[in-house]
Amino acid sequence: MTPIRTAHVALWVAYAVLVAVHVGSLLTDTELLQRITQPMFAPLLIAVVLTALPRRTRTSVLMVLGLLFAWAGDTLAGIASESGELIAVLSFLAALVCYSAALAPLWNRSRDPLRIALAIPYGGVVIGLFVACADGAGTLLPAVAAYAVALATMAFLSAGGNGMTWTGGTLFLLSSSMLAMDWFLPGAAIAYSGVWVMITYTVGHALLIAGMVHAMPARRWTACAPAAALVIVEN
């Protein structure tokens, strides 16, 4: 295994350990550890992207931009004020727009009719959730509406990529739905919703990024691999 591939795998392991630590901090109600670990998710995924892709492309730039916006959302998610919630919503909205733009060419190139058919109901789920949360959203209603559209679009486009992007988009949709219930429908929240929100978010985000990386035509370790030598033996 080449050093760059070793580093890439090590980053995935570090991400898995970080997620486990964060989920543990939620179960033990260790708020300080939660605040330390959550902003570290996106930087690790950015490093995953940069160690995998051999050159800068439109897709890689969009992935990194999306992760930067997600980092802003993760960092501000713990702020309880309405302005903090608004900035977090707008940050994740921008991340979803970037991911949708990155997924669109992949959707056009390799869409699977079965996965797309299964993803069509996503729009109905998002619309129903938005209608249910509209009264509780208050002044955040326009931002929540834009987020709902972007979320449904990203989830649908993710279904046209590969199994990892589809699963990742679905978990991302589920995570955002549970978070919206926590914020705007407190009476409808499920038990341990905070834990389930973070599990579906972190696993979904990782699968979405892994799926887009997998769809790229080359990796750093293949691009840097020595070319096969042609040996001519003369008698």
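A brief structural summary. (Residues numbered from 1 in each chain as written. Predicted model: local features only at pLDDT ≥ 70, side-chain atom pairs only at ≥ 80, totals over all residues. Heavy atoms only, no water.)

## Some thoughts on the layout of surface pockets
The calculated volume of the second largest pocket comes to roughly 150 Å³. A breakdown of the residues in the lining of the second largest pocket according to their chemical character gives 6 nonpolar, 2 polar and 2 charged. (1 Å grid on protein atoms, 1.4 Å probe; cavity = no way out; pocket = protein on both sides within 12 Å on 5 of 7 lines; lining within 4 Å. Points joined across faces, edges and corners; volume = space filled by probe spheres on them. Nonpolar A, V, L, I, M, F, W, Y, C, P; charged D, E, K, R; others polar.)

## A short note on helix α7 (residues 121-137)
Compared with the 24 Å implied by 1.5 Å per residue over 17 residues, the 23 Å span of α7 between its first and last C-alpha is a close match. Along α7, the sharpest kink reaches roughly 35°, centred on valine 131. (Helix = DSSP H or I, 4+ residues; strand = E, 2+ residues; numbered from the N terminus. Expected span 1.5 Å × (residues − 1). Bend = angle between axes of the 7 residues up to and from the residue.)

## Topic: the packing of helix α1 (residues 3-27) against helix α3 (residues 41-52)
Interaxial distance between α1 and α3 falls to 9 Å at its minimum, and their mutual angle equals 165°. As far as their axial angle goes, α3 and α1 are roughly antiparallel. Crossing geometry of α1 relative to α3 is assigned as left-handed. Contact residues: Ile4, His8, Leu11, Trp12, Ala14, Tyr15, Leu18, Val19 and His22 in α1; Phe41, Leu44, Leu45, Ala47, Val48, Thr51 and Ala52 in α3. Among the residues making up the contact of α1 with α3, the classes are represented as 13 nonpolar, 3 polar and no charged. (Axes fitted to C-alpha atoms, helices over the stretch in contact; angles between N-to-C directions. Parallel < 35°, antiparallel > 145°, perpendicular 65-115°, else oblique. Left-handed = near helix turned anticlockwise from the far one by under 90°. Contact = heavy atoms within 4.5 Å.)

Function-wise, these values are silent; they only describe arrangement.
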